[in-house]
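Residue strings, one per chain:
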Amino acid sequence: MALTGLSCPLGFSFLLVVVTLVLSLEHNDVPVCSYELIETGKSEHIKHNKTEEVLYYAYKDPQIVKHPCNQKMALYMGMKLFLTKDNFRRSLIPLNIPYKFKVGIPKVTAAIYSSSKLLLVINGNVFGFDYEDNTWIMILDTSEYLTNIYAEYCCYSDDYSCTSISNLVLAYTTGEHISQAHVYLSNSLGFHFEKLELPQMKTLDGILEGFFFFHSMSKYSMLLRNGKVGRFVYTEPPLNESWGIPFEMSGHMNIINLSGLKGYLILWDEKHLFFTNNCGQLVEEIPIKNDKGIKYESLAHSLNQVYSITGFENELALLTKSKKFFYGTLGLLSTSLIDIEDDGIGLINAAVMFESVGNILIVVPEHFHQSPAFDFTICPVNIQHLLMDLEIGLKTCKAEILRGNFNKKLFVLDMNETLKLSATLVPQPAQSPVPVITVSNPHSLGFKVKMYEDGYTYDGNTIFTLNIFVMQQHVSGRAHSSFVSNIKIATLSTITLDLIDRGMSCIDLQPQIGLISIGCNWNKRIIIRRDLNACMKNFLNPAELEDNYSYVLEKTSYDGSFHSRNQPDNKDLIVDYDYERLGCPLLVYYNSPWKPVIELWKESNFVEVVKTEFIIIEQNGLFTYNYSLNVGKALCKSQAQSWSSMIDASSKKDLNAWNRENYVNCREPDEKAPLVSPQAEYQILGGSSSNRIIFNQRNGIYIFFLRIVDPYYSYCDLTTVFSVYVYGAFPKRTLPDYVVALLIICFMFFLLWLGYIIPKLTKSQYGNRFKLFCQNLCPKRKKNTMKFRIDKLKK
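Residues numbered from 1 in each chain as written. Predicted model: local features only at pLDDT ≥ 70, side-chain atom pairs only at ≥ 80, totals over all residues. Heavy atoms only, no water.

(A) Main features of the overall build of the chain. Helix and strand content of the chain: nine helices and 52 strands. Out of the 795 residues belonging to the chain, those deemed buried represent 51%. For the chain, restricting intrachain contacts to residue pairs at least 6 apart in sequence, the fraction spanning at least 24 positions comes to 63%. Within the structure as shown, the chain displays about 39,300 Å² of accessible surface, and the carbon and sulfur contribution to it stands at 53%. (Helix = DSSP H or I, 4+ residues; strand = E, 2+ residues; numbered from the N terminus. Buried < 20%, exposed > 50% of the residue type's maximum accessible area, 1.4 Å probe, protein only. Contact = heavy atoms within 4.5 Å. Areas by Shrake-Rupley, 256 points an atom, 1.4 Å probe, with all protein chains shown as cover.)

Structure (structure tokens):
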């Protein structure tokens, strides 16, 4: 947006326009629904535990918290709390907490779902209720009085990219200055919390009214109020834009973050109703209009106050204290709102929720008998039937079909990959609907669209096919470098296909929404090519390797600290060989420069041979190998990283000290690491380097740990472990070279001396005596010699 300097993920132009249409039916009232009393299942609650305290909602207006993924589960919060697993289709007992927890005042200020638990803030502390086995646990007991708990949910897939989103839970207190606010963070589904202290919290000014985690916008976001002005602030925004557009905020506001990770937020108090579809960057109050013009500028001007409110997908419904029912659809370019005046909705403790798209349920708990269980008066509302009965002259929906192959699905987009999505649009006769495609995080995700005619329906309507090519924004060629977020960091974004003028008549034609995870594809893995192994050449026997095989590392050949130094206190190390994991070792000649061949696989499909930078290290600390290049020969412009330097600089002190996140290419100048030791070993393999491993004169097994460190190859931490058998090395000499050379020279001189002295001695008296002595030592040979001479004379 040029006027604000903020980015808005709306279609091709990323322009946000919010227009609201309210149709008033003051003289044409139609009953919203028919009431039904649910009073079944009381026998299940005859044995009620009276050693428990009954919980109640801390605020006067009831609300229903719907499970974001399970459409049958909901929590009613009012004078009592009720947890249902079938949308209040049976009687329930109120939610109670055992006395042993000593909660004091059993009032609940906030609640969310997490795994199979319900997390509740009760009297300032966080408790967990496992609704599978009906047990309670204390999770966070603090001296601070916490008021809110928050989490985002991903219901698209069971993939880790999706499920890990729900791991993060925030608990915090509102109404305090941001510098004194208390915020707790959990990365374990709310089972364990730690205090969160962001540096920005000490420098910001304002009263904290909300603390969020927007996965598709930034890491953390805070809603701050200064006087009567509210504003969202982002701690790690993609473009260093730390503030959203200010909006009117006279006091504390309630907030609903609609499921789907789209960035849709509904903010309200008794008199005001706000909506934002970009994580709070632009917040606007919803005006109320009719078909002739503006009727009311806000909900307050219509003399209505919010009593109970709910949102689902792209829909909004609320009850007011003036006995009115409102329904609206949340669109990209328009928000339509219907004001239905019906005195019959003025039921005490009534709350509203969505059962599904276009189906609303108004719920009122009732207690008529001595049973501890409560009955429920429910009022189902079918919006489509209601709109048809009202005859308010809604325009016909312009499209017959709007369908995408990505709806409600998760797709993973790894580094430099392109993803092809498709959708189908069929207009109604004589209509020309305009499709619009948006992404929630345009700083990370870009797209290109091709739309064309692709046949006709049986009724003769034209079928349009949309091919959507999704890629990272930095490779799309359509964004300035200052607009693109850090490509090294994995992000999320939703992609939405909608119609520009989709009104309430298109209830059955919902926007098509998918989730794109720009990050690691967990189905990827790397393996080492094994064209030749030690078992093929009979150096090792597979049967022996499988039968608890072990080998010895000499005490002078390994260093457990991975610094490639002799350790005086070392002892010979016995290593057990894991044949099931490692298989038969690769076969490598000891004096031949070698580099492993790495293959990238996706599930069971081969992708490519990896040619980018990687590192290896012997996981038991063996250092009897070297690298063929040093830092200078590798053409480094800064000091290259090494295993010893990275382990020393890390708190981990293990093989995870060096990875793709902290890898630095030495071929780029770095003032923090100037080139001071060009003779040091260059310990990075692959890429444009010709670096190789050269093994020392030692035969035996090496078990290597290998990791891809190029941050631009994949978001995955691609690692593998493999074994190598080195052969062909002669045993090492036990004497130093100079001693061996001296002995050889002395032996040669001794031979020369013998060649000189023996001929001379044989001609002397001492030589004759020596020959006679030798003859006497061999009498048999002497006898045979005389016999040979006599036979010769006879002849």
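(B) Representation of the environment of aspartate 648 in the model. Within the secondary structure layout, aspartate 648 lies in helix 6 (residues 643-649). Accessibility expressed as a relative area gives 47% for aspartate 648, which makes it partly exposed. Between the C-alpha atoms of aspartate 648 and serine 561, which are 87 residues apart in sequence, the distance is 9.9 Å. Setting aside anything within four residues of it in sequence, one finds aspartate 648 in contact with His563 and Lys653.

(C) How the structure looks around the sheet that holds strand 42 (residues 524-528). The sheet built from three strands is open, its strands ordered 42-46-47 with antiparallel pairing. Lying at the two open borders of the sheet, with one neighbouring strand each, are strand 42 and strand 47 (605-610). Strand-to-strand twist across the sheet, computed as the mean angle between neighbouring axes with direction ignored, equals 30°. Where strand 42 lies against strand 46 (residues 598-602), five bridges are found, and the strand directions are antiparallel. (Pairing = 2+ DSSP bridges. Axes fitted to C-alpha atoms, helices over the stretch in contact; angles between N-to-C directions.)

(D) Layout of the state of the cysteines. Taken as a whole and assessed by the stated rule, the structure comprises six disulfides. Each disulfide pairs two cysteine sulfurs, and for cysteine 535 the partner residue is cysteine 584, the sulfurs being separated by 1.8 Å. On the sign convention where negative means left-handed, the S-S torsion of about 100° between cysteine 535 and cysteine 584 marks this disulfide as right-handed. You can see cysteine 535 sitting in the loop between strand 42 and helix 4 (542-546) and its partner cysteine 584 sitting in the loop between helix 5 (579-582) and strand 45 (586-589), a full 49 residues away along the chain. The exposure class assigned to cysteine 535 is buried, which follows from its relative accessible area of 15%. Relative accessible area serves as the criterion here: at 10%, cysteine 584 is assigned to the buried category. Across the disulfide, cysteine 636 is cross-linked to cysteine 666 (sulfur-sulfur distance 2.0 Å). In this structure the cystine formed by cysteine 636 and cysteine 666 twists about its S-S bond by roughly -40°; its chirality is therefore left-handed. (Disulfide = S-S within 2.5 Å.)

(E) Local environment of the sheet that holds strand 35 (residues 410-413). Strand order in this open sheet of four strands is 35-41-40-37, and the pairing throughout is mixed. Since the sheet does not close on itself, it has two edges, and those belong to strand 35 and strand 37 (435-439), each with one partner. Averaged over all adjacent pairs, the angle separating strand axes in this sheet is 20°, with direction ignored. One ladder, built from four bridges, connects strand 35 with strand 41 (residues 512-518); its direction is parallel. From the neighbouring strand, leucine 410 faces strand 41, where its bridge partner is leucine 515.

(F) Examining the side chain of glutamine 473 more closely. One can find glutamine 473 in the loop between strand 39 (462-472) and strand 40 (491-499). A relative accessible area of 6% means that glutamine 473 is categorised as buried. Polar side-chain contacts of glutamine 473 include one of 2.5 Å to the side chain of serine 476. Ignoring any residue separated from it by four or fewer positions in sequence, one finds glutamine 473 in contact with Pro442, His443, Ser444, Leu445, Gly446, Ala479, Phe483 and Val484. (Polar contact = N/O pair within 3.5 Å; in protein donor to acceptor, adjacent residues only side chain to side chain.)

(G) Examining a nonpolar patch on the surface more closely. Together, Phe747, Phe750, Leu751 and Trp753 line one region of the surface with nonpolar side chains, adding up to about 440 Å² of accessible area. Residue placement: phenylalanine 750 occurs in helix 7 (residues 737-762). (Patch = residues over 30% accessible without salt bridge, like charges linked within 9 Å, V, L, I, M, F, W, Y side chains within 5 Å. Salt bridge = Lys/Arg side-chain N within 4 Å of Asp/Glu carboxyl O.)

(H) Quick peek at empty space enclosed by the protein. Summed over all chains, the structure comprises four cavities of 30 Å³ or more. Roughly 50 Å³ of volume is contained in the second largest cavity. Forming the boundary of the second largest cavity are 13 residues, of which Ser444, Gln472, Ser485, Ile487 and Tyr715 lie nearest the centre. Looking at side-chain class alone, the lining of the second largest cavity contains five nonpolar, eight polar and no charged residues. (1 Å grid on protein atoms, 1.4 Å probe; cavity = no way out; pocket = protein on both sides within 12 Å on 5 of 7 lines; lining within 4 Å. Points joined across faces, edges and corners; volume = space filled by probe spheres on them. Nonpolar A, V, L, I, M, F, W, Y, C, P; charged D, E, K, R; others polar.)

(I) Layout of the packing of aromatic side chains. Counting across every chain of the model gives 37 aromatic pairs. Measuring from centroid to centroid gives 6.1 Å for phenylalanine 312 and phenylalanine 354, while their planes differ by 25°, and the two rings are stacked. Highlighted residues: phenylalanine 312 in strand 27 (residues 306-312) and phenylalanine 354 in strand 31 (residues 351-356), separated in sequence by 42 residues. You can call phenylalanine 312 buried: its relative accessible area is 12%. Where tyrosine 589 meets tyrosine 727, the ring centres are 5.5 Å apart and the plane angle is 70°; that geometry is what we call edge-to-face. Separated by 138 residues along the polypeptide, tyrosine 589 in strand 45 and tyrosine 727 in strand 52 (residues 719-727) bring together distant segments of the chain. Using a relative accessible area of 27% as the deciding quantity, one classes tyrosine 727 as partly exposed. An aromatic cluster is present here, built from Trp594, Tyr625, Tyr627, Phe695, Tyr702, Phe704 and Phe722 joined pairwise through their rings. (Phe/Tyr/Trp six-rings, centres within 6.5 Å; stacked < 30°, edge-to-face > 60°.)

(J) Structural view of the pairing of strand 19 (residues 229-234). Strand direction decides the pairing type here: strand 18 (residues 221-226) and strand 19, joined by six bridges, are antiparallel. Residue arginine 225 lies in a different strand from strand 19, and its bridge partner there is glycine 230. Counted between consecutive antiparallel strands, the loop separating strand 18 from strand 19 contains two residues, among which glycine 227 sits at a positive phi close to 65°.

(K) Structural view of the nonpolar core. Ranked by size, the top nonpolar core spans 94 residues in total, and within it Trp594, Phe695 and Val724 carry the most contacts. Residue contributions to this core peak at seven residues, all from strand 51 (residues 700-708). Excluding its chain neighbours within four sequence positions, the residues that come into contact with tryptophan 594 are Leu586, Val588, Ile616, Arg692, Ile693, Phe695, Phe704, Phe722 and Val724. (Core = buried A, V, L, I, M, F, W, Y, C linked by side-chain atoms within 4.5 Å.)

(L) Spatial organisation of the pattern of salt bridges. The full count for this structure, using the stated rule, is 13 salt bridges. The partner of aspartate 130 in a salt bridge is lysine 117, with the nearest N and O atoms 3.5 Å apart. With aspartate 130 in strand 11 (residues 125-130) and lysine 117 in strand 10 (residues 117-122), this residue pair connects regions lying 13 residues apart in the sequence. The residue arginine 581 makes a salt bridge to aspartate 578 at a minimum N-O spacing of 3.5 Å. Salt bridges here are not isolated pairs; linked through shared partners, they connect Asp414, Glu417 and Lys524.

(M) Looking closely at a negative patch on the surface. Taken together, the side chains of Glu544, Glu546, Asp547 and Glu580 make up a negatively charged region of the molecular surface. Structurally, aspartate 547 is set in the loop between helix 4 and strand 43 (550-553). You can call aspartate 547 exposed: its relative accessible area is 58%. (Lys, Arg positive; Asp, Glu negative; His and termini not counted. Charge placed at Lys NZ, Arg CZ, Asp CG, Glu CD.)

(N) Quick look at unusual backbone geometry. Positioned with a positive phi, asparagine 87 is a non-glycine residue whose angle comes to about 55°. Looking at the secondary structure, you find asparagine 87 in the loop between strand 7 (81-84) and strand 8 (96-98). For asparagine 87, a relative accessible area of 2% translates into the label buried. The phi angle at phenylalanine 562 is positive, at roughly 65°, despite the residue not being glycine. As for its position among the elements, phenylalanine 562 is in the loop between strand 43 and strand 44 (573-576). A relative accessible area of 14% means that phenylalanine 562 is categorised as buried.

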